[in-house]
Amino acid sequence: MVEIELDGKKVEIPQGSMVMHAANKLGTYIPHFCYHKKLSIAANCRMCLVEVEKAPKPLPACATPVTQGMKVFTHSALALDAQRSVMEFILINHPLDCPICDQGGECQLQDLAVGYGKSSSRYEEEKRVVFHKNVGPLISMQEMARCIHCTRCVRFGVEVAGVMELGMVNRGEHSEITTFVGQTVDSELSGNMIDLCPVGALTSKPFRYAARTWELGRKRSVSPHDSLGANTTVQTKSNKVMRVVAAENEAINECWISDRDRFSYEGLNSADRITTPMVKQGGQWLETDWQSALDYVARSIKTIVTENGSEAVAALAHPISGVEELHLLQKVIRGLGSNQVETRLRQVNVSGAPSAPWLGMPIAQLSELNCALVVGSFLRKEQPLIAARLRTAAKRHLQVLRIDAGGDDWLIPTISGMSVAPSAWVSVLSEVASAVAKAKTVGSPAGVANVTISAAAQALADKLLVSTKSAVLLGSAAIAHPQSSELALLAQFIAEHTGATFGFLPVGGNAVGASVVKANGPGVQSILSGERRAVILMNVEPDLDLPNPEQARSALAQAHTVIALSAYQSPELLAVADVILPITPFTETVSTFINAAGTAQTIQPAVKPLGDSRPAWKVLRVIGGLLGQDGFLFNSPEEVLDEALAENFQAQLSNQVNVQAVTATIAPSTTGLERLSDVAIYGGDQIVRRSPALQSTRDAKRGNQVGLGQALFTELGLGEGDLISVTQGAQSMIAPATLEAHLAANTVRISAGTGISSQLGSMFGPVTVTKA
């Protein structure tokens with residue numbers, strides 16, 4: 001530690017720290033533009049010049065290392081004069097357009113100009129002009145003349161997002177921040193550049209000119225689109241969500257959010273919002289009142305239970321639903337005597353599955369790992385901020401290992417692994433498990449014997465064996481895999497015998513919460529078996545949220561009554577449902593989400609319910625009462641939450657695989673093409689799918705393309721975007737092809753949760769591809 005004196009106050013900070021860090025520790029504000037605590041030091045704005053005793057000239061606080069006994073003056077005459085001179089220089093070419101600037105009212109330059117700027121300018125020459133740039137549907141670079149070249153956006157791309165999409169060209173007053181020629185900004189974290197920009201150069205294109213910052217109300221919230229539970233601030237005007245920005249929580253999302261968290265709010269205001277109960281009569285949809293609709297639901301369920309038994313009633317819920325809603329849904333179903341309730345919408349194999357799978361550690365602990373083996377994950381797209389944490393840690397000490405079918409670049413430099421077709425994942429993981437067992441002189445897992453260990457598998461095992469802090473994590477593709485239980489069994493064995501933490505990357509904002517409140521039963525395959533006569537769908541779109549759209553359509557067609565609790569209507573939902581009860585999305589009700597690390601976060605409504613829609617917990621409370629069930633006399637969501645989480649729910653979290661129920665059966669090798677399914681980054685839930693800005697991105701377009709490896713691309717004689725025909729079983733569809741050079745051999749990537757995938761069958765299995 002080094003002790004220095006700053007404005008007469010003594011402070012101790014670690015050796016190697018900068019003066020700015022000392023000021024932050026004391027709570028002393030030093031004006032700055034280019035400095036940001038999460039980015040490298042650039043020291044190019046010079047706004048943070050301070051006086052240091054015995055130094056011949058002012059020094060930048062962000063780039064001046066502390067030394068023992070140093071005396072710093074941040075508000076001396078010399079420091080203030082230097083800061084004012086820098087401000088005058090910055091404002092020389094800055095346009096005088098604050099009244100029409102979209103950043104007005106929340107502009108760092110505007111604020112500091114009040115404190116350090118002069119009342120008039122000595123500059124009389126013409127100001128420079130920088131032409132606007134179109135960099136995609138999310139970020140506006142219409143007024144780049146406002147840019148002060150702090151390079152925060154450039155450093156963020158390189159250091160956090162992992163890809164350099166912006167850079168600086170030219171010199172002096174001709175310098176410009178721009179993209180590579182003809183390129184757009186496509187990172188899944190790009191929206192953070194808007195927050196980082198201290199002026200009005202980078203602004204939100206969807207929010208542009210929609211409202212002034214002082215007109216907006218603000219509510220702390222949580223993103224429900226992935227299991228991280230990123231903290232956000234929802235900004236509203238006239239009972240409408242206008243913007244979502246990051247809220248800092250160092251333990252979860254630091255100060256970043258993904259573009260999915262930031263721009264999905266557009267879907268909240270979609271024209272597909274349904275606000276009045278609807279009942280289908282004679283094939284026609286009729287609007288009705290709540291009482292009539294709920295009476296219809298209760299009568300239908302009672303009749304079906306009487307005629308077919310309690311197991312004929314089932315429910316499917318999307319894990320975007322809150323703890324309160326999921327608790328009451330499973331309570332209604334189990335109150336009828338049925339166990340047919342499920343939120344693991346894409347997990348077809350639940351045999352021996354853990355009772356409440358979670359990450360296995362606090363999220364911040366990911367940054368402390370020395371080694372991480374990630375199995376069956378599209379990490380960068382399914383968990384953008386977890387990928388960013390691992391990316392940052394990889395620059396210091398972390399080795400990231402992966403076993404999957406490749407195809408996507410995680411933008412992590414120190415990464416190695418094995419890229420094989422999905423049907424070979426169990427075989428490859430068996431090799432790693434056998435190598436670990438051999439090194440530890442223990443027996444291999446059940447079903448794994450006489451395995452030939454490849455050099456690549458041995459290398460992965462060796463890295464895990466020598467690591468002191470490691471983790472083995474299963475991603476969304478491993479969870480959806482037909483042999484997910486075998487993968488979990490092998491991963492658990494590897495973690496146990498290497499001293500690693502075993503965990504999952506849960507799919508959905510409240511996947512852990514659903515397990516905690518026991519909203520999971522015999523699996524989605526049981527519910528879609530065709531034996532259910534009444535099915536409740538909560539926040540589910542059958543064609544897009546279930547593992548086999550063909551099977552889902554068939555099963556729901558055999559049901560006598562399909563009851564949809566949904567905030568949105570769609571042609572597919574209108575086709576299968578018999579009654580639609582309009583419920584509110586997460587911004588219009590009290591909701592609790594339990595994230596991947598087991599942290600419960602309760603959010604308050606940001607706006608009032610739209611039209612005649614109601615929070616789902618209120619709807620389910622009434623349904624339970626109309627069905628004559630006890631224990632539904634709740635007056636508030638807090639009472640529901642107290643019952644749902646009455647026990648110490650964190651003690652229920654468990655990644656333990658039931659080893660008696662699983663045998664690691666190695667599937668025979670296949671020679672034909674097989675499907676690999678990710679869930680499209682902007683196709684995971686009802687809200688995201690209805691955001692026009694997100695659906696205009698390159699990532700969204702990729703979800704509607706079929707990814708082929710280099711060998712197959714060449715064999716078919718394809719060019720980028722050429723149409724191909726894909727057949728899976730009895731289903732087929734035509735879609736554009738895209739080259740994904742790193743895909744494993746004999747693998748075809750077809751995203752789930754998109755319009756094209758709804759025309760096919762299960763997420764994994766054999767397919768054939770021909771040129772259309």
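All values reported here derive from a predicted model rather than from experimental measurement.

Moving on, we get to the overall build of the protein. The number of helices and strands found in the protein is 24 helices and 34 strands. For a compact globule of 772 residues, the expected C-alpha radius of gyration is about 28 Å, and the protein comes in at 28 Å, within 12% of that figure. Within the protein, the proportion of its 772 residues that are buried is 61%. Taking contacts inside the protein between residues at least 6 apart in sequence as the whole, the part at least 24 apart equals 73%. On the protein, roughly 29300 Å² of surface is accessible, and the fraction owed to carbon and sulfur atoms is 52%. Side chains of the protein give 65 positive and 72 negative charges; the mean places of these two sets differ by 4 Å.

This part takes up the packing of helix H11 (residues 425–440) against helix H14 (residues 484–498). Across the interface, H11 lies against H14 with an axial gap of 9 Å and an inter-helix angle of 25°. Taken together, the axes of H11 and H14 lie roughly parallel to each other. Crossing hand, H11 versus H14: left-handed. Side by side, H11 and H14 meet where Trp425, Val426, Leu429, Ser430, Val432, Ala433, Val436, Ala437 and Lys440 of the first sit next to Glu486, Leu487, Leu490, Ala491, Phe493, Ile494, His497 and Thr498 of the second. By residue class, the composition of the contact of H11 with H14 is 12 nonpolar, three polar and two charged.

Per the UniProt annotation, the sites labelled "domain: 4Fe-4S Mo/W bis-MGD-type" (unreviewed entry) are residues 216–272. Taken end to end, residues 216–272 is 9% helix and 35% strand, and its two terminal C-alpha atoms sit 25 Å from one another.

For the structure on display, the rule yields eight cavities of 30 Å³ or more. Approximately 130 Å³ is the volume attributed to the largest cavity. Across the lining of the largest cavity, the residue classes break down as seven nonpolar, seven polar and one charged. When its volume is computed, the second largest cavity comes out at roughly 110 Å³. In terms of lining residues, the second largest cavity is bounded by 16 residues, among which Cys147, Cys150, Cys153, Cys197 and Leu202 are the most central. Mapped by element, the contributors of at least two residues to the lining of the second largest cavity are helix H4 (152–161) and helix H5 (192–196). Of the residues belonging to the lining of the second largest cavity, the class tally is 13 nonpolar, two polar and one charged.

A few words on helix H12 (residues 455–466). When the terminal C-alpha atoms of H12 are compared, their 17 Å separation across 12 residues agrees well with the 16 Å that a helix rising 1.5 Å per residue should span. Residues Ala457, Leu460, Ala461 and Leu464 constitute the buried set of H12. Relative to the axis of H12, the buried residues are bounded by an arc of 95° and lie together on one face. Opposite the buried face of H12, at more than 90 degrees from it, the exposed residues are Ala455 and Val466. On its buried face, H12 sits against strand E18 (371–375), strand E19 (399–404), strand E20 (415–419), H11, strand E21 (470–474) and H14.

The next thing to look at is the side chain of Ser485. Mapping Ser485 onto the fold places it in helix H14. Note on Ser485: relative accessible area 5%, which makes it buried.

This part is about the packing of helix H8 (residues 323–335) against helix H21 (residues 637–644). Look at H8 against H21: their axes get within 9 Å of each other, and the N-to-C directions meet at 65°. The angle between H8 and H21 falls in the class roughly perpendicular. Crossing hand, H8 versus H21: left-handed. Between H8 and H21, the residues in contact are Val323, Glu324, His327, Leu328 and Lys331 and Pro637, Val640, Leu641, Glu643 and Ala644, respectively. The residue inventory of the contact of H8 with H21, partitioned by class, reads six nonpolar, one polar and three charged.

A few words now on the domain arrangement of the protein. For the protein, the domain assignment lists domain 1 (285–350 + 511–651), domain 2 (363–504) and domain 3 (674–771). Just the C-alpha atoms count here: the centres of domain 1 and domain 2 sit 34 Å apart. Domain 1 puts seven residues into the contact, and the matching count from domain 2 is nine residues. Contact between domain 1 and domain 2 buries roughly 540 Å² in total, counting both sides, with carbon and sulfur atoms accounting for 50%.

The sites that UniProt annotates as "domain: 4Fe-4S His(Cys)3-ligated-type" (unreviewed entry) are residues 78–117. For the annotated span residues 78–117, helix accounts for 57% and strand for 0% of the residues, and the straight-line distance between the end C-alpha atoms is 16 Å.

What follows deals with the environment of Ile194. You can see Ile194 is positioned in helix H5. Separated by 91 residues in the primary sequence, Ile194 and Gln103 have C-alpha atoms spaced 10.0 Å apart. Apart from residues no more than four positions distant in its own chain, Ile194 is found in contact with Leu138, Ile139, Leu202, Thr203, Ser204 and Phe263.

A separate point is the sheet that holds strand E22 (residues 501–504). Taken together, the five strands give an open sheet; going across it, the order is E20-E19-E18-E21-E22, and neighbouring strands pair in parallel fashion. With partners counted over all chains shown, the strands left at the sheet margins are E20 and E22, one partner each. Taken over all neighbouring pairs, the strand axes of this sheet differ in orientation by 15° on average, direction set aside. Pairing analysis gives four bridges linking E21 to E22, with the strands arranged parallel. Looking across to E22, one finds that Val472 is bridged to Phe502. Docked against the sheet, H12 engages E18, E19, E20 and E21, running at close to 140° with respect to E20. Against the sheet, H14 contacts E21 and E22, and its axis sits at roughly 175° relative to E21.

Rules of the game
- Residues numbered from 1 in each chain as written.
- Predicted model: local features only at pLDDT ≥ 70, side-chain atom pairs only at ≥ 80, totals over all residues.
- Heavy atoms only, no water.
- Helix = DSSP H or I, 4+ residues; strand = E, 2+ residues; numbered from the N terminus.
- Rg over C-alpha atoms; globule rule 2.2 N^0.38 Å.
- Buried < 20%, exposed > 50% of the residue type's maximum accessible area, 1.4 Å probe, protein only.
- Contact = heavy atoms within 4.5 Å.
- Areas by Shrake-Rupley, 256 points an atom, 1.4 Å probe, with all protein chains shown as cover.
- Lys, Arg positive; Asp, Glu negative; His and termini not counted.
- Charge placed at Lys NZ, Arg CZ, Asp CG, Glu CD.
- Axes fitted to C-alpha atoms, helices over the stretch in contact; angles between N-to-C directions.
- Parallel < 35°, antiparallel > 145°, perpendicular 65-115°, else oblique.
- Left-handed = near helix turned anticlockwise from the far one by under 90°.
- Nonpolar A, V, L, I, M, F, W, Y, C, P; charged D, E, K, R; others polar.
- UniProt positions renumbered as here; feature names shortened; annotations may be inferred.
- 1 Å grid on protein atoms, 1.4 Å probe; cavity = no way out; pocket = protein on both sides within 12 Å on 5 of 7 lines; lining within 4 Å.
- Points joined across faces, edges and corners; volume = space filled by probe spheres on them.
- Expected span 1.5 Å × (residues − 1).
- Arc of directions from axis to C-beta.
- Domains from an automatic or database assignment.
- Buried area = accessible area lost by both parts, 1.4 Å probe.
- Pairing = 2+ DSSP bridges.

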